[in-house]
Amino acid sequence: MTAADKARIAGQCEAFIAYVLVPRFLPEIRPTRFNYPIAYYGRWRGHRYSFLKRYRSGDPETLGIEFELPFARLDHIGGERFDVLWPRHTGRWYPLYPRLTLRDAMRAILADELLWP
């Protein structure tokens, strides 16, 4: 996969995040006393594109500390195909949908509650 391919795919994923995921799952930031979501974004690592959710702590002892957790991942397997994976709390990734196009992978993320942010 070339750098141009990665940039094109990242652009489509960023549009999916901005125009689909954020309006549906994070239309506004609601601070709480606990950890609360503040952003969704994505990032390439090798041939894997991860969808991440950024949290901020509202607890008085850890006020303002931020951290991120993945909620879905696309593994490029060749051509225009991706495996869609889900992260378990153990840190292990489980493949849920094999060999999907990018469009179908995004549809799978929207359709399967396990992959929701």
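Details of the structure are given in the entry above.
The rules behind these values
Residues numbered from 1 in each chain as written. Predicted model: local features only at pLDDT ≥ 70, side-chain atom pairs only at ≥ 80, totals over all residues. Heavy atoms only, no water. Helix = DSSP H or I, 4+ residues; strand = E, 2+ residues; numbered from the N terminus. Rg over C-alpha atoms; globule rule 2.2 N^0.38 Å. Buried < 20%, exposed > 50% of the residue type's maximum accessible area, 1.4 Å probe, protein only. Contact = heavy atoms within 4.5 Å. Pairing = 2+ DSSP bridges. Core = buried A, V, L, I, M, F, W, Y, C linked by side-chain atoms within 4.5 Å. Axes fitted to C-alpha atoms, helices over the stretch in contact; angles between N-to-C directions. Bend = angle between axes of the 7 residues up to and from the residue. Arc of directions from axis to C-beta.

Even after reading the chapter, I still don't get the overall build of the protein, so can you show me in this structure?
Within the protein, the regular secondary structure consists of 2 helices and 5 strands. If you list the helices and strands of the protein from N to C, you get α-β-β-β-β-β-α. Against the 2.2 N^0.38 benchmark of 13 Å for 117 residues, the protein shows a C-alpha radius of gyration of 15 Å, consistent with a compact globule. The principal-axis extents of the C-alpha atoms in the protein amount to approximately 50 × 30 × 25 Å. Residues classed as buried in the protein amount to 34% of the 117 residues present. In the protein, 34% of the contacts between residues at least 6 apart in sequence involve partners at least 24 apart.

Whenever I open this one, the pairing of strand 5 (residues 93–100) confuses me. Can you help?
Along any regular strand, the residues point their side chains to alternate faces of the sheet. Alignment of strand 4 (residues 81–87) against strand 5, held across 5 bridges, turns out to be antiparallel. Within the sheet, the bridge partner assigned to phenylalanine 82 lies in strand 5 and is leucine 100. What sits between strand 4 and strand 5 in their antiparallel hairpin is a turn of 5 residues, with glycine 91 showing a positive phi close to 95 degrees.

How do you make sense of the nonpolar core when you look at a structure like this?
Proteins that are soluble and globular tend to have nonpolar side chains buried together. Grouped together as the largest cluster of nonpolar side chains are 24 residues, with contacts concentrated most on Cys13, Tyr49, Phe51, Leu74 and Ile109. Broken down by secondary-structure element, the contributors of at least two residues to this core are helix 1 (3–25), strand 1 (35–45), strand 2 (48–57), strand 3 (66–78), strand 4 and helix 2 (102–111). Per element, the largest residue contribution to this core is 6 residues, and it comes from helix 1. Excluding anything up to four places from it in sequence, leucine 74 contacts Cys13, His47, Arg48, Tyr49, Phe51, Phe82, Asp83, Val84, Leu102, Ala105 and Ile109.

What exactly am I supposed to notice about the sheet that holds strand 1 here?
The pairing of strands in a sheet happens through backbone hydrogen bonds and is either parallel or antiparallel. Within the open sheet, the 5 strands sit side by side as 1-2-3-4-5. Their pairing is antiparallel. Lying at the two open borders of the sheet, with one neighbouring strand each, are strand 1 and strand 5. Across the sheet, the mean angle from the axis of one strand to that of its neighbour is 20 degrees, orientation sign disregarded. Sheet analysis places strand 1 next to strand 2, joined by 10 bridges and oriented antiparallel. Within the sheet, the bridge partner assigned to tryptophan 44 lies in strand 2 and is tyrosine 49.

Even after reading the chapter, I still don't get helix 1, so can you show me in this structure?
Because an α-helix completes one turn every 3.6 residues, residues spaced three or four positions apart along the sequence face the same direction. A maximum bend of about 35 degrees is found in helix 1 at isoleucine 17. When helix 1 is considered as a whole, its buried residues turn out to be Ile9, Ala10, Cys13, Phe16, Ile17 and Leu21. Looking at the buried side of helix 1, the elements it contacts are strand 1, strand 2, strand 3, strand 4 and helix 2.

Is there a simple way to explain helix 2 in this structure?
Turning to helix 2, its buried residues number three or more, namely Leu102, Ala105, Met106, Ala108 and Ile109. Projected down its long axis, helix 2 shows its buried positions confined to an angular sector of 155 degrees, all on one face. Of the residues in helix 2, the exposed ones pointing more than 90 degrees away from the buried face are Arg103, Arg107 and Ala111. If you follow the buried residues of helix 2, they end up packed against helix 1, strand 2, strand 3, strand 4 and strand 5.

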